[in-house]
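Residues per chain are reported as follows:
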2 protein chains.
Amino acid sequence: MARTQGSHSEITGPRVREAAMRLFARHGFAAVSMRQIATEVGVQAGALYNYTPDKQSLLFDLMREHMDALLDAWQQEDPGGTDARARLEAFTRFHIRFNTRRADAVFVSYMELRNLTGENFAAVTELRRIYETRLEEILRAGQDAGVFTLAEPRITAMAVIALLTGVNTWYRDAGRLKLDEVETLYWDMVRRLVGG
Amino acid sequence: MARTQGSHSEITGPRVREAAMRLFARHGFAAVSMRQIATEVGVQAGALYNYTPDKQSLLFDLMREHMDALLDAWQQEDPGGTDARARLEAFTRFHIRFNTRRADAVFVSYMELRNLTGENFAAVTELRRIYETRLEEILRAGQDAGVFTLAEPRITAMAVIALLTGVNTWYRDAGRLKLDEVETLYWDMVRRLVGG
DNA sequence: GTCTATAATGGGATAGAC
DNA sequence: GTCTATCCCATTATAGAC
């Protein structure tokens, strides 16, 4: 991966971020050195500081952008309307598809919360809370409409998210089940769980 | 935490393990130094090597013993017999109770898998697989007896475990709900999820 | 924008005294 | 069993040449 001197900002930036995400997911933030990231990208360690003021900011930016992308993508896919059951199915399928395609980012955004400084932690946690609330509102709407039966909408929302994110621990693209079949299996579980 | 010289093996050993578990959970394995653990215990760093050959073994022992304790505890609590529904309720309540009481160990045993060397990783993963299989067998028994309706017992087992372990992300002893109420809420979700 | 070189600090692990 | 002292190496981040 030797690289001669020169200017490569348009391509180096994304490469730094991709390498950092992959390495953080594989070995953990604290276990990965700036030198390792640089080697992966094909530059010297010092050059990374053209793209991040420090290692902490690199982690934080990766996590915040993942959460932003998650919220934006759901806003695009949410069918809205008054059919809570249809929205919950859309959420279920969306969450599985989005998260299995970005397993590294999901892993890092959960595992490395403890390595964020105080205000960075608060920022990422707030985005997570907003996402949980999106689901909670669907559950409340369904409850009000009489199509769901659940005692605690907030807890049910967190339970459903934990259930769905769990797909990442076993799903593999080359596995027996296609993603579409996995979505259907989990939608079946979610549907029954909410008493729909 | 200054400590004079002397022999304290019976108490230092457990203290090393408790401090390591707490620090690993809070900051991550790679981010915690042997010096930090020693400070927490009140000894010098060199003294830790009376209790572990190296840092990696310390992590592995903590994880393996947690998994052993989990399997042993369930073996004690499993009512056995032919009532799959009763066994599933027992499993649900057991899993929540055991895991919320040992949040640090649960966190470490999942997050730090990637910091285990090859054969240590395989050993812990095998224990995890065995635990999943305990639940899977209950689900299959219930399916055969016609009290559960589920398409994929293995996947359902992993889904239920993810759902239940998710309690750890929000449950606090001082919170609004008592643990017993949480167990009941989740048993309600699990019961419906398996079509019982 | 990237390089080389380096400053300043801290890491895991060991040796030998007590 | 614990201490002090230390070896050797890696770390993040910066400085200045190109």
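Cut-offs used in this document
Residues numbered from 1 in each chain as written. Chains lettered and ligands numbered in written order. Predicted model: local features only at pLDDT ≥ 70, side-chain atom pairs only at ≥ 80, totals over all residues. Heavy atoms only, no water. UniProt positions renumbered as here; feature names shortened; annotations may be inferred. Helix = DSSP H or I, 4+ residues; strand = E, 2+ residues; numbered from the N terminus. Core = buried A, V, L, I, M, F, W, Y, C linked by side-chain atoms within 4.5 Å. Buried < 20%, exposed > 50% of the residue type's maximum accessible area, 1.4 Å probe, protein only. Contact = heavy atoms within 4.5 Å. Axes fitted to C-alpha atoms, helices over the stretch in contact; angles between N-to-C directions. Parallel < 35°, antiparallel > 145°, perpendicular 65-115°, else oblique. Left-handed = near helix turned anticlockwise from the far one by under 90°. Phe/Tyr/Trp six-rings, centres within 6.5 Å; stacked < 30°, edge-to-face > 60°. Lys NZ or Arg CZ within 6 Å of the ring centre and 35° of its normal. Least-squares fit on C-alpha atoms with pLDDT ≥ 70 in both. Buried area = accessible area lost by both parts, 1.4 Å probe. Salt bridge = Lys/Arg side-chain N within 4 Å of Asp/Glu carboxyl O. Nonpolar A, V, L, I, M, F, W, Y, C, P; charged D, E, K, R; others polar. Domains from an automatic or database assignment.

As for the UniProt feature "DNA-binding region" (unreviewed entry) in chain A
Part 1 of the reasoning: According to UniProt, the feature "DNA-binding region" (unreviewed entry) maps to residues 33-52 of chain A in the numbering used here.
Part 2 of the reasoning: In the segment residues 33-52 of chain A, helix accounts for 40% and strand for 0%; the C-alpha atoms at its two ends are 14 Å apart.

A short note on the nonpolar core
Part 1 of the reasoning: Of all hydrophobic cores here, the largest spans 130 residues; its most connected members are Phe24, Ile37 and Tyr186 of chain A together with Phe24, Ile37 and Tyr186 of chain B.
Part 2 of the reasoning: When neighbours within four sequence positions are excluded, Ile37 of chain A is seen to be in contact with Val16, Ala19, Ala20, Leu23, Phe24, Val32, Leu48 and Leu58 of chain A.

Let's talk about the packing of helix α3 (residues 55-77) of chain B against helix α5 (residues 103-111) of chain B
Residues and elements named next belong to chain B.
Part 1 of the reasoning: Between α3 and α5, the least distance of the axes is 9 Å, while the angle of their chain directions is 115°. Here α3 is positioned roughly perpendicular relative to α5, judged by the angle of their axes. For α3 against α5, the interelement crossing comes out left-handed. Every residue of α5 that contacts α3 at Leu59, Met63 and His66 is listed here: Ala105, Val106, Val108 and Ser109.

A look at the packing of aromatic side chains
Part 1 of the reasoning: Considering all chains together, one arrives at 16 aromatic pairs over all chains under this definition.
Part 2 of the reasoning: Between Phe107 of chain A and Tyr110 of chain B, the ring centres sit 6.4 Å apart and the planes meet at 75°, which makes this aromatic pair edge-to-face. Of this pair, Phe107 of chain A sits in helix α5 (residues 103-111) while Tyr110 of chain B sits in helix α5, on two different chains.
Part 3 of the reasoning: Judged by relative accessible area, Phe107 of chain A falls into the partly exposed class, the value being 24%.
Part 4 of the reasoning: Positioned above the aromatic ring of Phe29 of chain A is the side chain of Lys55 of chain A, whose terminal nitrogen or guanidinium carbon lies 4.5 Å from the ring centre.

Considerations on the relation of the copies chain A and chain B
Part 1 of the reasoning: By a simple turn and slide, chain A fits onto chain B: the slide is 0.0 Å along the axis, the RMSD is 0.0 Å, and the turn is 180°. Here the symmetry operator amounts to a two-fold rotation axis.
Part 2 of the reasoning: Both copies share a contact surface, since 100% of the interface residues of chain A are interface residues in chain B too.

Focus: the interface of chain A and chain B
Part 1 of the reasoning: Residue-level contacts link 35 residues of chain A with 35 residues of chain B.
Part 2 of the reasoning: Taken together, the two surfaces of chain A and chain B that pack against each other cover about 2800 Å², and 64% of this comes from carbon and sulfur.
Part 3 of the reasoning: Between Glu152 of chain A and Arg176 of chain B there is a salt bridge, with its nearest N and O atoms 2.8 Å apart.
Part 4 of the reasoning: When residues of the side of chain A that touches chain B are traced back to their parent elements, those giving at least two are α1 (9-27), α5, α7 (153-165) and α8 (179-193) of chain A.
Part 5 of the reasoning: Among the elements that line the side of chain A that touches chain B, the one with the most residues is α7 of chain A, at 6 residues.
Part 6 of the reasoning: In terms of residue class, the side of chain A that touches chain B is made up of 21 nonpolar, 8 polar and 6 charged.

Overview of the environment of Leu59 of chain A
Residues and elements named next belong to chain A.
Part 1 of the reasoning: Residue placement: Leu59 occurs in helix α3 (residues 55-77).
Part 2 of the reasoning: Distance in space between the C-alpha atoms of Leu59 and Glu112 is 8.3 Å, their sequence separation being 53 residues.
Part 3 of the reasoning: For Leu59, the contacting residues outside a window of four places in its chain are Phe24, Phe29, Val108, Glu112, Asn115 and Leu116.

Looking at the domain arrangement of chain A
Residues and elements named next belong to chain A.
Part 1 of the reasoning: As assigned here, chain A comprises domain 1 (1-52) and domain 2 (54-193).
Part 2 of the reasoning: Spacing between the C-alpha centres of domain 1 and domain 2 amounts to 29 Å.
Part 3 of the reasoning: Taken together, the 15 residues of domain 1 in the interface contact 15 residues of domain 2.
Part 4 of the reasoning: Where domain 1 abuts domain 2, roughly 1400 Å² becomes buried across the two surfaces, and 70% of that area is made up of carbon and sulfur atoms.
Part 5 of the reasoning: Broken down residue by residue, the surface that domain 1 buries against domain 2 is led by Arg17, Met21 and Phe29, which jointly contribute 46%.
Part 6 of the reasoning: Remark: the boundary between domain 1 and domain 2 carries 1 salt bridge.

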